[in-house]
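# Summary of structural features
Single-letter residue listing:
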Amino acid sequence: MRVPKSQRYRIPAEAIRTIAALVILREKVLRPILAAVTKTTTHRKPNQRSLIDEHYETIRQDMFALFKDQRIAV
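Residues numbered from 1 in each chain as written. Predicted model: local features only at pLDDT ≥ 70, side-chain atom pairs only at ≥ 80, totals over all residues. Heavy atoms only, no water.

## A word on the overall build of the protein
When its secondary structure is counted, the protein shows two helices and zero strands. Put simply, the protein shows about 6,900 Å² of open surface, and 58% of that area lies on carbon and sulfur atoms. (Helix = DSSP H or I, 4+ residues; strand = E, 2+ residues; numbered from the N terminus. Areas by Shrake-Rupley, 256 points an atom, 1.4 Å probe, with all protein chains shown as cover.)

Structure, rendered in C-alpha cells:
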C-alpha cells in the first residue's frame, strides 16, 4: 500500500505476520527436510527418538518418494 505523496510503501501488520511465517517455515522446516531428503543412506538410529524426530523422518521419506514419483533428481 503506497503512502500518499511519497515513494514509500506501508505494509499492513497482517502481511508482515504472513511474511514472517513463510520465512520461519522455510528456514526451520523446509530446509532441514529438503537437506535430509537427499540423504539416501540411513545411519544407525538412536534408541530413544523424540516425536518430532519421528515426524521429520516420515516427512523425509514422503518427500523422497514424491521426488522419485515426479522424477526430480535427488
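What follows picks up the thread again.
## Remarks on helix α2 (residues 51-69)
The first and last C-alpha atoms of α2 sit 27 Å apart over 19 residues, in line with the 27 Å expected at 1.5 Å per residue. Burial in α2 covers these residues: E57, R60 and F67. End-on, the buried residues of α2 take up no more than an arc of 95°, which puts them together on one face. When the buried face of α2 is taken as reference, the exposed residues oriented beyond 90 degrees from it are L51, D62 and D69. (Expected span 1.5 Å × (residues − 1). Buried < 20%, exposed > 50% of the residue type's maximum accessible area, 1.4 Å probe, protein only. Arc of directions from axis to C-beta.)

## Things to note about the pattern of salt bridges
A side chain with one charge may pair with a side chain of the opposite charge, provided their charged atoms come close. Taken as a whole, this structure holds three salt bridges when the rule is applied. E54 is the salt-bridge partner of R49, the closest N and O atoms lying 3.3 Å from each other. Taking the relative accessible area as the measure of exposure, R49 reaches 23% and is therefore partly exposed. Using a relative accessible area of 37% as the deciding quantity, one classes E54 as partly exposed. In this structure, a network of salt bridges that share partners links the residues R26, E27 and R31. (Salt bridge = Lys/Arg side-chain N within 4 Å of Asp/Glu carboxyl O.)

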